[in-house]
Amino acid sequence: MLSALIVMAGIAIVLGAALGYASIHFKVEGDPLVEKIDAILPQTQCGQCGFPGCRPYADAISKGDADINQCPPGGEEGIRKLADLLGREVKPLNAENGVEKPKAVAFIGEETCIGCTLCIQACPVDAIIGAAKQMHTVVPALCTGCELCIAPCPVDCITMETIPETVETWKWRYPVFTIRQAA
Amino acid sequence: MALPGLHDPPGRLTLMKLFKFNGGVKPETHKDASTRLPIATLPLPERLTVPLHQSIGGTPRPLVRAGQRVLKGQRIGAADGNVSAAIHAPTSGTIVALEPALMPHASGLAALSAVIVPDGEDAWAPVTPVDVRALSGGELRDYLRDAGVVGMGGAVFPSHLKLNPGRQGKVQTLIVNGAECEPYITCDDMLMRERPETVVRGTLLMAQILGAERVLVGIEDNKPEAVAAMEAACRGSRIQVVPVPTRYPAGGAKQLIRVLTGIEVPHGKRSTDFGVQCFNVGTACAVHEALDYGRPLISRIVTVAGNVSTPRNFEVLFGTPMSEVVRTALPRPDTNRYLMGGPMMGFPMPGFNVPVVKATNCILVASDALFPPPPPEMPCIRCGECAKACPADLAPFELYWFARAHNFGKAQEYHLFDCIECGCCTYVCPSHIPLVDYYRYAKSEIWARERDKEAADQARTRFEFRNDRQEREKREKAEKLAAKAAETKARLAETSPDAPAATAQDDPKKALIAAALERARQQKAAVEPRNTDDLPPTVQTEIAEIDARRQASGPAEPSA
Ligand code: SF4
Ligand code: SF4
Ligand code: SF4
Ligand code: SF4
């Protein structure tokens with residue numbers, strides 16, 4: 001009886017030590033759930049969800065402080081993926097946060113731009129180049145379409161242009177059978 | 001079945017054992033009609049609309065302006081990066097516009113094209129053949145990229161990328177694909193019948209570039225004329241012509257490799273991983289033209305078949321409107337659409353005037369009588385016919401379910417991207433489900449998602465970098481201020497050890513301001529500059545004289 005207890009206790013201590021070692025040695029940096037949520041969010045960094053960027057929103061979702069339907073750029077697709085990940089019900093986008101729009105990029109009217117650099121400071125992804133009193137321009141490949149540069153511009157020279165579909169980005173449509181009139 | 005090349009002459013070829021690929025179907029071939037007449041050349045059309053984007057990869061950068069005169073074979077679009085191929089003027093004339101024009105693409109969208117009005121002279125730009133032995137592999141590949149050589153079987157993958165012997169330094173087996181399994185299409189057949197020596201020459205060049213030990217030409221055994229012509233042209237060379245059994249899709253690269261070498265390329269792998277590279281016969285001909293004559297790719301052989309009175313093959317300049325080619329073959333009046341490609345893999349064109357491009361192996365003229373619309377789609381009964389027919393060893397009905405449910409991750413797990421869109425599954429499906437349409441839909445959705453994901457990852461990195469930078473700048477500013485404050489404090493303590501030191505301790509900022517004010521006051525007292533201070537001595541004396549005169553004449557000295 002006693003020897004059995006000692007053996008069991010010994011095993012428990014050894015395994016406990018192994019687990020303790022593993023938890024320190026193989027520690028995962030950061031919260032994996034937040035990472036997973038952040039990977040679904042579109043990284044537009046627009047703040048429409050009510051948080052200063054996608055990562056803080058991901059944090060809030062993981063803590064249960066925010067709902068999954070607050071990100072307009074992610075749209076329905078994004079909500080569906082979040083619902084899948086978190087095992088929740090899919091719900092429509094919260095209209096208070098905005099509406100889902102086709103993807104667009106900012107465009108600076110180069111005749112009007114006065115080179116105030118205010119848009120550069122507003123852009124969360126450094127997609128605008130320019131310098132004081134020089135004409136500014138948006139690098140379309142880097143622009144996420146967050147619209148944060150529009151409000152600060154004192155001469156209202158920034159507009160959002162929707163990205164047209166090209167032969168390269170065109171997608172085959174979901175097959176629908178067209179019912180033809182019988183002759 | 002008579003396999004001429006397989007049994008005679010004995011000795012060399014009896015060693016050749018053929019293999020079988022799984023699945024496949026045997027549709028009506030309809031090939032005879034368009035092989036009765038020789039390849040014809042079209043008269044120069046009034047206008048050529050040459051799209052800049054005609055291959056897989058980046059869109060070439062335009063090198064010409066509207067209004068510019070160009071010569072035949074002059075480069076008008078430069079390859080954009082390495083995964084791209086150049087574009088050339090198909091004839092001499094004037095570029096009248098550089099504008100978006102309707103593409104021969106299922107999307108019905110427009111893309112940047114050069115509109116050329118031919119001058120009728122058809123004058124070549126200076127061409128320089130290259131000595132293959134004198135150039136390195138890399139230089140040869142660059143040359144082929146700039147000559148616009150791409151895969152002519154319909155996939156239009158830039159050939160120079162495939163002509164890379166890779167790390168091993170050589171490719172074991174070079175296979176030239178003359179199988180041409182798709183119904184109606186006969187352009188490769190006619191090329192091999194009429195110009196076998198060009199194919200042989202191109203094949204030898206490619207074999208040399210790749211360092212290939214074994215060179216095989218696979219031709220479906222329903223083309224005995226092409227087999228005979230190729231065998232005659234290959235006599236005495238190391239190329240082996242092998243007739244393969246006729247079964248669709250024997251012309252698929254993986255399928256032909258399987259039949260000729262027995263190598264089964266697994267899902268997600270490429271044939272080069274097994275030392276085999278496969279090219280179309282048309283590509284071989286294009287390589288020969290480019291290297292031996294210096295002529296870039298500006299035309300191709302196109303089969304016009306289907307709802308026409310005289311189906312035939314034409315040598316067509318790129319940019320020629322399809323309707324102009326079809327007109328020569330006398331279309332029947334009930335024609336209502338064109339397909340590019342054959343009935344199995346082709347897709348409808350958005351208009352009759354879209355241009356012939358590098359990918360146009362066939363213009364299939366269609367009418368509702370010849371190609372009736374498919375009967376309504378019925379539910380999948382899981383009969384498994386599609387899986388039996390699939391040459392890529394996939395489970396098409398599973399892919400269909402996943403694509404239908406937008407479950408793209410699962411579809412990829414089931415090797416959606418190994419589907420060659422051959423259409424065998426659609427062909428056999430008793431429920432008439434347009435299976436390939438679902439796969440095309442799923443594939444393009446996955447590509448779009450991948451693009452979005454890349455953009456999001458980039459945005460995340462840039463956002464994090466910007467936040468870090470702002471943090472760092474804030475920190476550096478605070479540190480600088482703190483350092484300056486400490487410095488001032490030290491100096492104040494040094495100069496006036498009594499009262500100000502106490503205030504400085506209370507509030508370094510106030511002390512700083514006080515110190516600055518003090519400095520300014522002292523400076524002002526020391527030098528009260530006047531605008532006459534820095535003048536040369538002659539002017540100074542002049543001013544002094546004027547002042548003296550002014551004083552003498554009465555009024556007071558002007559204030560500084
Ligand atoms: S609304 Fe969406 S895209 Fe915008 S910051 Fe919030 S999570 Fe990011
Ligand atoms: S350029 Fe404007 S819209 Fe584009 S990412 Fe920057 S702030 Fe947002
Ligand atoms: S052939 Fe058609 S009905 Fe049969 S399993 Fe395949 S998809 Fe379903
Ligand atoms: S289209 Fe794709 S899934 Fe269908 S038979 Fe061909 S390879 Fe298989």
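Note that residues are indexed from 1 along each chain, following the sequence as it is written. A letter from A marks each chain and a number from 1 marks each ligand, given out in the order of writing. Local features are withheld for residues below a pLDDT of 70 in this predicted model, meaning they are given only at 70 or higher, and side-chain atom pairs are given and counted only at 80 or more; totals for whole chains, interfaces and linings count all residues. Excluding hydrogens and water, the side-chain figures rest on all heavy atoms present in the structure.

Brief notes about the overall build of chain B
Thinking step 1. A count of helices and strands for chain B gives 17 helices and 17 strands.
Thinking step 2. As a reference, a globule follows 2.2 Å times the number of residues to the power 0.38, and the radius of gyration itself is taken over C-alpha atoms. By the compact-globule yardstick of 24 Å for 560 residues, chain B is too spread out, its C-alpha radius of gyration being 37 Å.
Thinking step 3. Each residue is assigned to one of three classes by its accessible area relative to the maximum for its type, calculated with a 1.4 Å probe on protein chains only: buried under 20%, partly exposed between the two thresholds, exposed over 50%. Per-residue burial over chain B gives 47% buried out of 560 residues.
Thinking step 4. Contact between two residues is taken to exist if any of their heavy atoms lie within 4.5 Å; hydrogens are not considered. Considering only residue pairs separated by 6 or more positions, chain B has 72% of its internal contacts joining residues 24 or more positions apart.
Thinking step 5. As displayed, chain B offers around 27,500 Å² of accessible surface, 55% of which is attributable to carbon and sulfur atoms.
Thinking step 6. Measuring between centres, the 66 positive side-chain charges of chain B sit 3 Å from its 64 negative side-chain charges. The numbering of helices and of strands both runs from the N terminus, where a helix is a DSSP run of H or I of at least 4 residues and a strand a run of E of at least 2. The protein chains shown are the only cover counted for residues, whose accessible areas, like all others here, come from Shrake-Rupley with a 1.4 Å probe. Counted as positive: Lys and Arg. Counted as negative: Asp and Glu. His and the chain ends are not counted at all. A charge is said to be at NZ when it belongs to Lys, at CZ for Arg, at CG for Asp and at CD for Glu.

Concerning the site of ligand 2
Thinking step 1. Near, as used in this document, describes a residue that has one of its heavy atoms within 4 Å of the molecule or strand being considered. Around ligand 2, a shell composed of A:Ala106, A:Cys123, A:Pro124, A:Val125, A:Ile128, A:Val138, A:Cys143, A:Thr144, A:Gly145, A:Cys146, A:Glu147 and A:Cys149 is seen.
Thinking step 2. Residues that form the shell around ligand 2 fall into these classes: nine nonpolar, two polar and one charged. Polarity classes work like this: nonpolar for Ala, Val, Leu, Ile, Met, Phe, Trp, Tyr, Cys and Pro, charged for Asp, Glu, Lys and Arg, and polar for all others, with Gly in that last group.

Some points on the interface of chain A and chain B
Accessible area lost on assembly of the parts is the figure often given for the size of an interface.
Thinking step 1. Each side of the interface is counted separately: chain A has 30 residues, and chain B has 37 residues.
Thinking step 2. In total, chain A and chain B occlude about 2,900 Å² of area from one another, counting both sides; carbon and sulfur atoms represent 58% of this.
Thinking step 3. The largest per-residue losses of area from chain A upon contact with chain B belong to A:Val167, A:Trp172 and A:Tyr174, which jointly make up 25% of the total buried on that side.
Thinking step 4. By definition, a salt bridge exists where a carboxyl oxygen of Asp or Glu is found within 4 Å of a side-chain nitrogen of Lys or Arg. The interface formed by chain A and chain B holds four salt bridges in total.
Thinking step 5. Measuring nitrogen to oxygen at the nearest pair gives 3.6 Å for the salt bridge that ties B:Glu445 to A:Lys171.
Thinking step 6. Polar contacts, as counted here, are pairs of nitrogen or oxygen atoms within 3.5 Å of one another; within protein the pair requires one atom able to donate a hydrogen and one able to accept it, and residues that are adjacent in sequence qualify only if both atoms are side-chain atoms. In this assembly, chain A and chain B are joined by twelve residue pairs in polar contact (both at pLDDT 80 or more). Each of two parts loses accessible area, computed with a 1.4 Å probe, when they are put together; buried area is these two losses added.

Description of the sheet that holds strand E6 (residues 87–88) of chain B
Residues and elements named next belong to chain B.
Thinking step 1. Pairing in this open sheet of three strands is antiparallel, and the strands run E3-E5-E6 from one edge to the other. Sheet topology places strand E3 (61–62) and E6 at the edges, where each strand pairs with a single neighbour.
Thinking step 2. Strand pairing is assigned whenever DSSP identifies at least 2 bridges connecting the two strands. By the bridge criterion, two bridges tie E3 to strand E5 (residues 75–78) in an arrangement that is antiparallel. Residue pairing across strands places Arg 61 opposite Ala 78, the latter belonging to E5.

Examining the layout of surface pockets
Residue and element names in this part refer to chain B.
Thinking step 1. A cavity, in this analysis, means grid points on a 1 Å lattice covering only the protein atoms where a 1.4 Å probe fits yet has no way out; a pocket is instead an open set bounded by protein on both sides within 12 Å along at least five of seven lines, and a residue lines either one if it has an atom within 4 Å of a point. Grid points are joined across faces, edges and corners, and a volume is the space filled by probe spheres set on the points. Its boundaries defined by the atoms lining it, the second largest pocket holds a volume of some 1,700 Å³.
Thinking step 2. At the level of secondary structure, the elements contributing two or more residues to the lining of the second largest pocket comprise strand E15 (337–340), strand E16 (347–348), helix H13 (424–428) and helix H14 (435–495).
Thinking step 3. Sort the elements by how many residues they give to the lining of the second largest pocket and H14 lands first, with four residues.

Comments concerning the domain arrangement of chain A
Residue and element names in this part refer to chain A.
Thinking step 1. Per the domain assignment, the segments of chain A are domain 1 (32–97) and domain 2 (102–168).
Thinking step 2. Domain borders in the structure are assigned automatically or taken from a domain database. Of note, the centres of domain 1 and domain 2, computed from C-alpha atoms alone, are 25 Å apart.
Thinking step 3. At the junction of the two partners, domain 1 supplies four residues and domain 2 supplies six residues.
Thinking step 4. When the buried area of domain 1 at its contact with domain 2 is split by residue, Thr 44, Gln 45 and Cys 46 rank highest and sum to 90% of it.
Thinking step 5. Taken together, the links from domain 1 to domain 2 amount to zero salt bridges.
Thinking step 6. Scanning the region where domain 1 abuts domain 2 turns up one residue pair in polar contact (both at pLDDT 80 or more).

Quick notes on the side chain of B:Glu182
Residue and element names in this part refer to chain B.
Thinking step 1. Within the secondary structure, Glu 182 is located in the loop between strand E9 (173–178) and helix H4 (187–194).
Thinking step 2. Buried charge without a partner: Glu 182 forms no salt bridge, and the closest opposite charge is Lys 31, 8.3 Å away.
Thinking step 3. Of note is the side chain of Glu 182, whose polar atom sits 2.9 Å from the backbone nitrogen of Met 345.
Thinking step 4. Beyond its immediate sequence surroundings of up to four residues, Glu 182 is in contact with Lys 31, Tyr 248, Gly 342, Pro 343, Met 344, Met 345 and Gly 346.

Side note on the nonpolar core
Residue and element names in this part refer to chain B.
Thinking step 1. By size, the foremost hydrophobic cluster in this structure holds 75 residues, and its most contacted members are Leu 174, Met 230 and Leu 291.
Thinking step 2. Those residues in contact with Leu 174 that sit more than four places away from it in its chain are Thr 203, Met 206, Ala 207, Leu 210, Ala 212, Arg 214, Val 215, Leu 216, Gln 277 and Phe 279.
Thinking step 3. The set of buried Ala, Val, Leu, Ile, Met, Phe, Trp, Tyr and Cys residues whose side-chain atoms join them within 4.5 Å is what this entry labels a nonpolar core. Counting 24 residues, the second largest nonpolar core, distinct from the first, contains Cys 386, Leu 394, Phe 402 and Tyr 439.

Points about the packing of aromatic side chains
All names here are of chain B.
Thinking step 1. In summary, the pairing rule links any two rings of Phe, Tyr or Trp, Trp by its six-membered ring, whose centres are within 6.5 Å, and it sorts them by plane angle into stacked for under 30 degrees, edge-to-face for over 60 and tilted for everything else. The tally for this structure, following the rule as stated, stands at twelve aromatic pairs over all chains.
Thinking step 2. Measuring from ring centre to ring centre gives 5.9 Å for Tyr 184 and Phe 371, while their planes differ by 65°; the resulting arrangement is edge-to-face. Of this pair, Tyr 184 sits in the loop between E9 and H4 while Phe 371 sits in the loop between strand E17 (362–366) and helix H10 (385–389), and the two are 187 residues apart along the sequence. Both residues of the pair, Tyr 184 and Phe 371, count as buried.
Thinking step 3. Between Tyr 338 and Phe 352, the aromatic rings sit 4.7 Å apart at their centres with planes inclined by 70°, giving edge-to-face as the arrangement. Of this pair, Tyr 338 sits in strand E15 while Phe 352 sits in the loop between E16 and E17; the two residues are 14 residues apart in sequence, bridging distant segments of the chain.
Thinking step 4. Since its relative accessible area comes to 7%, Tyr 338 is described here as buried.

Remarks on the sheet that holds E9(B)
Residue and element names in this part refer to chain B.
Thinking step 1. Read from one edge of the open sheet, four strands run E11-E10-E9-E12, paired in parallel fashion. Only two strands of the sheet have a single partner each, and these edge strands are strand E11 (239–244) and strand E12 (276–280). In this sheet, adjacent strand axes meet at a mean angle of 25° when their direction is disregarded.
Thinking step 2. Sheet topology places E9 next to strand E10 (residues 214–220); six bridges connect them, and they run parallel. In the strand pairing of E10, Thr 173 is matched with Arg 214.
Thinking step 3. Whenever a helix is involved, its axis is fitted only over the stretch in contact; in every case the axis is a line through C-alpha atoms, and angles between N-to-C directions fall within 0 to 180 degrees. Its contacts with the sheet place helix H6 (residues 224–234) against E10 and E11, and it is angled at close to 165° to E11.

Notes on a nonpolar patch on the surface
Residue and element names in this part refer to chain A.
Thinking step 1. Only residues above 30% relative accessible area that lack a salt bridge enter a patch, with like-charged residues linked at up to 9 Å and the nonpolar side chains Val, Leu, Ile, Met, Phe, Trp and Tyr linked at up to 5 Å. Together, Met 1, Leu 2, Leu 5 and Ile 6 make up an exposed nonpolar region whose accessible area comes to about 510 Å².
Thinking step 2. Its location among the elements puts Leu 2 in helix H1 (residues 2–25).
Thinking step 3. With a relative accessible area of 61%, Leu 2 lands in the exposed category.

A word on the domain arrangement of chain B
All names here are of chain B.
Thinking step 1. Taken domain by domain, chain B consists of domain 1 (1–22 + 127–295) and domain 2 (382–501).
Thinking step 2. With centres defined by C-alpha atoms, the gap from domain 1 to domain 2 works out at 39 Å.
Thinking step 3. Across the boundary between the two partners, domain 1 contributes nine residues, which contact ten residues of domain 2.
Thinking step 4. For the pair domain 1 and domain 2, the two sides together bury roughly 780 Å², of which 49% comes from carbon and sulfur.
Thinking step 5. Considering only the side of domain 1, the residues that lose the most area to domain 2 are Asn 22, Tyr 248 and His 267, jointly responsible for 60% of the buried surface there.
Thinking step 6. Applying the counting rule to domain 1 against domain 2 returns one salt bridge.
Thinking step 7. For Asp 418, the salt bridge identified is with Lys 254, shortest N-O distance 3.6 Å.
Thinking step 8. Where domain 1 meets domain 2, there are five residue pairs in polar contact (both at pLDDT 80 or more).
Thinking step 9. Broken down by class, the residue content of the side of domain 1 that touches domain 2 amounts to three nonpolar, four polar and two charged.

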